[in-house]
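Breakdown of the fold
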Amino acid sequence: MILIAIIALGGIGVLSSGLLYLVSRKFEVYENPLIAEVQEVLPAANCGGCGYPGCSGFASACVNAQALDDLFCPVGGADVMKKVSVILGKEAGNAEPKVAVVRCNGNCEARPHTNQYNGVKNCAIASSLYGGETGCSYGCLGYGDCVKACGFGAIRINLSTGLPEVIEDKCTSCGACVKACPKNIIELRRKGPKSRRIFVSCVNKDKGGLARKACASACIGCSKCEKECPFEAISLSSNLAYIDYRKCRLCRKCVTVCPTQAIHELNFPPRKETN
Amino acid sequence: MLRTFRIGGTHPPENKLSAGKKVRVIEAPGQVVIPLRQHIGAPAQAVVKKGDRVKAGTLLARPAGLVSAGIHSSVSGKVNKIDEIVDMSGYKQPAVYIDTEGDEWEEAIDRSETLKKECTLSSSEIVRRISEAGIVGLGGATFPTQVKLMPPPGSRAELLIINGVECEPYLTSDHALMIEKGEQILTGVSILMKAIDVHKAVIGIESNKPDAIVYFRDMVRNFPGIDIMPLKVQYPQGGEKQLIDAVIRRQIKSGALPISVGAVVQNVGTAYAVYEAVQKNKPLIERIVTVTGKGLPEPSNFLVRIGTPIRRLIEAAGGIPGDTGKIIGGGPMMGKALVSADIPVTKGCSGVLLLPKQEALRKPACNCIRCAKCVSVCPMGLNPALLMNATEFANWEVAEKNYVVDCIECGSCNFICPANRPLLDYIRSGKGKVMELIRNRKS
Amino acid sequence: MENKLIISPSPHIHSGDSINKNMYGVLIALIPAFLVSVYYFGLGALIVTVVSVLSCVLFEYLIQRFLLKTAPSVGDGSAVLTGVLLAFNLPSNLPVWIIVIGALVAIGIGKMSFGGLGNNIFNPALVGRVFLLISFPAPMTTWPLPGRLPLTYVDAATGATSLSLLNEGTGHLPSCVDMLLGNMGGSLGEVSALALLLGFAYLLIRKIITWHIPVAVVGTLVASTGLMHLIDPLSYAGPLIHLLSGGLLLGAVFMATDYVTSPMSRTGMLVYGVGIGLLTAVIRLFGSYPEGVSFAILIMNALTPLINNYFKPKHFGEK
């Protein structure tokens, strides 16, 4: 009796293992071992910020690429890219660290509501319906599509202003929020030395009067900052100033001349009293 | 048994408060604002500039491209400025502001009331006149009419279906037009038949307009080839696909055009505009608008110039009630909530509806209880609950596989949902996203 | 206009239908069956129903309030309905503590553990009922004999149901008229076919449910038991007896049609109903349990997602 059981069970075991072996041989997929090695050093956030579907997609792109110039992992930054370049023996491109910047400063006070939105609290849905609850049809809607898109908890809605704010330490500049924002308010900008940055916190393209009427802190396209800037970093198009962070030397002159305080400086030490 | 479409459908309270009211004319206001984009497709390009003098019927902007429509002045006066205005789309659009002076019309326009039945123009000549008059589908879709009248190569129209359904609750503008301008509409239908070279036309009218049915049945004896078909009241029968199914019992395949079953559909309002354009040389510069709402002292049907601010219409109907919570351009099922009463009337505006605050606010949504009522009312045979979930969680593959792009945005699912779920909000956004993905895949 | 205009996507009107209306509609449809059970089982029926409803509502409230920390939604009527349906599936002399356990299982495990109304896979009342049937087989299968407004509760005279008589092949069956009116032993809500059909009619008129599921269940059961009866009339009872006895009508009309756990498309509903009918017939004719409706519905509940996936609504333009 026992013998039969042993033979039967053993036979089934041998048979199945043989079958498993055959199947695994037949359906074996060859994968370059380097891909796994590269993937090992990647942050495994699978955010897609590099433009590839997840970290494994980026790893195989790195392995297959001639040079690493166009490939950059925004989450891991230069450190990770250096490791990748060591593994693959290819030169890593040198990209500067970036951070997401919310270019709207229309808080509840500056930008009074003119109507009441009663649909789903979702920016994409509201923006396909109309310009928004305020007179400014360019500004932040405040329903938090960027917050939902962020995989790192690096962006949250400030309850007192109703606007999203980026937590710099957590932001990996993967760009998910940039894609999620239907109003194209969020931009990836150079993080800057000691995280110091200057940017125009407005995307309103209306004429000055209209923009001002809708929002007290809107850029009115007065071009004062453009004239003030010693480095020609500021350009004006469709009533809106834009600071090119590649040219900006962080002198902060534009910040002082802006009549609506639409230009923001971040992480600077307080100014010395001049008068 | 009256016919209707065969999948889904619902029957919201009709509330046709302004039914049977005679059309009243609203004189041209002191200033009109005429948006340059009153149709689906590219905005028209302005051909006037500040300070120009125009007459009623003068071309203000010419069509930009094939799918576009010209815009004409609805008053005589002086161009004040060309600027932007928030229109029914909810966004700023370029528009021509005209200060009214007198009421002078272009000489070529025949303003007499006499009926002109005979039309000796050729098919291409008719289409050209329709195109020149800036006519768009007046049922609400505002698709340029001449495009619909030029079937793609290889296909042939066999039947013209005229939409006299007016399935949206509250609205009565088409009904009023049918009662007052019956012969003109039928002449317009004959002209459209000639334009697409068919010998048969069917006018579908829902049975809640018995006076229109009787009147038209009586008149069609003088118009060979035109039939009247009373239809069971069912929303959204005014949808092109639903109307075709109701009238000729054929369903258009997903992604196909009505011409694939040999049908061309036009609205009664469009047929009337075609009559005026072809026989009277009059471009589309005025239309009938229903102004209605339970709190409104006098729900009415008005004949108004395009570009008149809707505030004037509401004043003519007795003024804005104090408890107004929502002003809707169009009907309650598919209309758009407006941000202000200063928005001008455009070609596609069939009605203005005022809802009191307590009716305007949505009730909070609860969990889906999978009662499948949305499935049973969907006129396209979709599963709205599934599509909403797919969109909410960005599951575009599932949404596409379950035909999200076929949604006609009729709102029946939202209307019926016992859990007050915002089904259409999500589905509409998912439809847009999936269409974008499909376009990207093709290019 | 000083007050701000409200903006929302279309549509701007709503039918006014609500979860409450549907749930209370089903409760109204259950009133005839309740009255019949009070008539035949008296005080017992009243006590069982009240205890079941109260404990279901209480458990739902407590779980939402203290465990899930969400706003309690007992007002939507779904917990009341679960309580009534659970009671209708119990014998009228069941001790109170067993009913409370049943309610806890129904609400706690059957419903709230999945995330509350709308997310449960199985019909909560049936989860509770089947749990009790397996845990307490003896009290769950001894039914009091029907009387006229009896005031007895736990010590009522007991007897067997017609189905268990059939299963054991002993005793003689009540007449068809008695079965139609409910003058027989059984769970308190299932005895009167007539009262249940009255409720069905009400549900159809109010458009709370469609005919598809109940008709498919009953049709399949009648067809399959009829077939077996034709083959061997001595071993298998006729379809009429199967139709009128046990919880078939209660299950087909009120339990199988539960919104949350039944398929969404018409064809899906038919497949689901046929499945319940077949499983019920198989369990009744060949299984060791005399009654199989509860098990059949639970098994088909589990298959509902699969049915939803394969049987989609007929798409416009589809041949």
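Counting its secondary structure elements, chain A contains 10 helices and 9 strands. Radius of gyration (C-alpha) of chain A: 27 Å, far over the 19 Å computed for a compact globule of 275 residues. Along the three orthogonal principal directions, the C-alpha set of chain A runs to about 100 × 50 × 30 Å. Here chain A, with 275 residues, has 41% of them falling under the buried criterion. Sequence-distant contacts in chain A: of pairs separated by 6 or more residues, those separated by 24 or more amount to 58%. In chain A, the 33 positive side-chain charges and the 23 negative ones have mean positions that sit 5 Å from each other.

All names here are of chain B. Along its sequence, chain B is organised into domain 1 (24-109 + 284-359), domain 2 (123-280) and domain 3 (373-442). The centre of domain 1, based on its C-alpha atoms, is set 24 Å off from the matching centre of domain 2. Residue-level contacts link 32 residues of domain 1 with 24 residues of domain 2. In total, domain 1 and domain 2 occlude about 2200 Å² of area from one another, counting both sides; carbon and sulfur atoms represent 63% of this. Joining domain 1 to domain 2, the criterion identifies 0 salt bridges. At the junction of domain 1 and domain 2, the tally comes to 11 residue pairs in polar contact (both at pLDDT 80 or more). Listed by contribution, the elements that provide at least two residues to the side of domain 1 that touches domain 2 are β13 (286-292) and β17 (351-356). When residues of the side of domain 1 that touches domain 2 are assigned to their parent elements, the largest contribution, 5 residues, is made by β13.

Another aspect to go through is the interface of chain B and chain C. Every contact between the two is made by 63 residues of chain B and, on the other side, 36 residues of chain C. Of the roughly 4300 Å² buried between chain B and chain C on both sides combined, carbon and sulfur atoms contribute 58%. When the buried area of chain B at its contact with chain C is split by residue, Ile 369, Arg 370 and Phe 415 of chain B rank highest and sum to 17% of it. Summed over the shared surface of chain B and chain C, the result is 1 salt bridge. Among the salt bridges present, the one from Asp 17 of chain C reaches Lys 373 of chain B, with a minimum N-O distance of 2.9 Å. Applying the counting criterion to the chain B and chain C interface returns 23 residue pairs in polar contact (both at pLDDT 80 or more). Of all the secondary structure elements, the ones that give two or more residues to the side of chain B that touches chain C are α6 (240-248), β15 (324-329), β16 (336-337), α9 (357-360), α10 (373-377), α13 (412-416) and α14 (423-442) of chain B. Grouping the amino acids of the side of chain B that touches chain C by side-chain chemistry returns 33 nonpolar, 17 polar and 13 charged.

Right, let's talk about the domain arrangement of chain A for a bit. Residue and element names in this part refer to chain A. Entries for chain A in the domain assignment read domain 1 (33-88) and domain 2 (98-266). If you look at the interface, domain 1 gives 6 residues, while domain 2 gives 5 residues. By the criterion of area lost to domain 2, the three top residues of domain 1 are Cys 47, Pro 74 and Val 75, representing 68% of everything that side buries. Where domain 1 meets domain 2, there are 0 salt bridges. Counting every contact that joins domain 1 to domain 2 gives 0 residue pairs in polar contact (both at pLDDT 80 or more).

Residue and element names in this part refer to chain B. As summarised here, the arrangement of the 3 strands in space is β3-β5-β6, forming an open sheet in which the pairing is antiparallel. Edge strands, defined here as strands with exactly one partner in the open sheet, are β3 (45-46) and β6 (71-72). The pairing of strand β5 (residues 59-62) with β6 spans 2 bridges and is antiparallel. Note on β6: the bridge partner recorded for Leu 59 is His 72.

Residues and elements named next belong to chain B. Strand order across the open sheet formed by 4 strands is β2-β8-β7-β4, with antiparallel pairing between neighbours. Looking at which strands have only one partner, the edges of the open sheet turn out to be β2 (31-35) and β4 (53-54). With 9 bridges joining them, strand β7 (residues 77-86) and strand β8 (residues 92-100) adopt antiparallel strand pairing. By the bridge assignment for β8, Glu 84 is matched with Pro 94.

Facing 17 residues of chain A, the contacting portion of chain B comprises 15 residues. Taking both partners together, chain A and chain B bury about 1200 Å²; carbon and sulfur atoms supply 51% of that area. Considering only the side of chain A, the residues that lose the most area to chain B are Asn 118, Val 120 and Ile 125 of chain A, jointly responsible for 38% of the buried surface there. The interface formed by chain A and chain B contains 2 salt bridges. Here Lys 92 of chain B and Asp 206 of chain A are joined by a salt bridge, their closest N and O atoms 2.7 Å apart. Summed over the shared surface of chain A and chain B, the number is 7 residue pairs in polar contact (both at pLDDT 80 or more).

Cut-off values and rules
Residues numbered from 1 in each chain as written. Chains lettered and ligands numbered in written order. Predicted model: local features only at pLDDT ≥ 70, side-chain atom pairs only at ≥ 80, totals over all residues. Heavy atoms only, no water. Helix = DSSP H or I, 4+ residues; strand = E, 2+ residues; numbered from the N terminus. Rg over C-alpha atoms; globule rule 2.2 N^0.38 Å. Buried < 20%, exposed > 50% of the residue type's maximum accessible area, 1.4 Å probe, protein only. Contact = heavy atoms within 4.5 Å. Lys, Arg positive; Asp, Glu negative; His and termini not counted. Charge placed at Lys NZ, Arg CZ, Asp CG, Glu CD. Domains from an automatic or database assignment. Buried area = accessible area lost by both parts, 1.4 Å probe. Salt bridge = Lys/Arg side-chain N within 4 Å of Asp/Glu carboxyl O. Polar contact = N/O pair within 3.5 Å; in protein donor to acceptor, adjacent residues only side chain to side chain. Nonpolar A, V, L, I, M, F, W, Y, C, P; charged D, E, K, R; others polar. Pairing = 2+ DSSP bridges.

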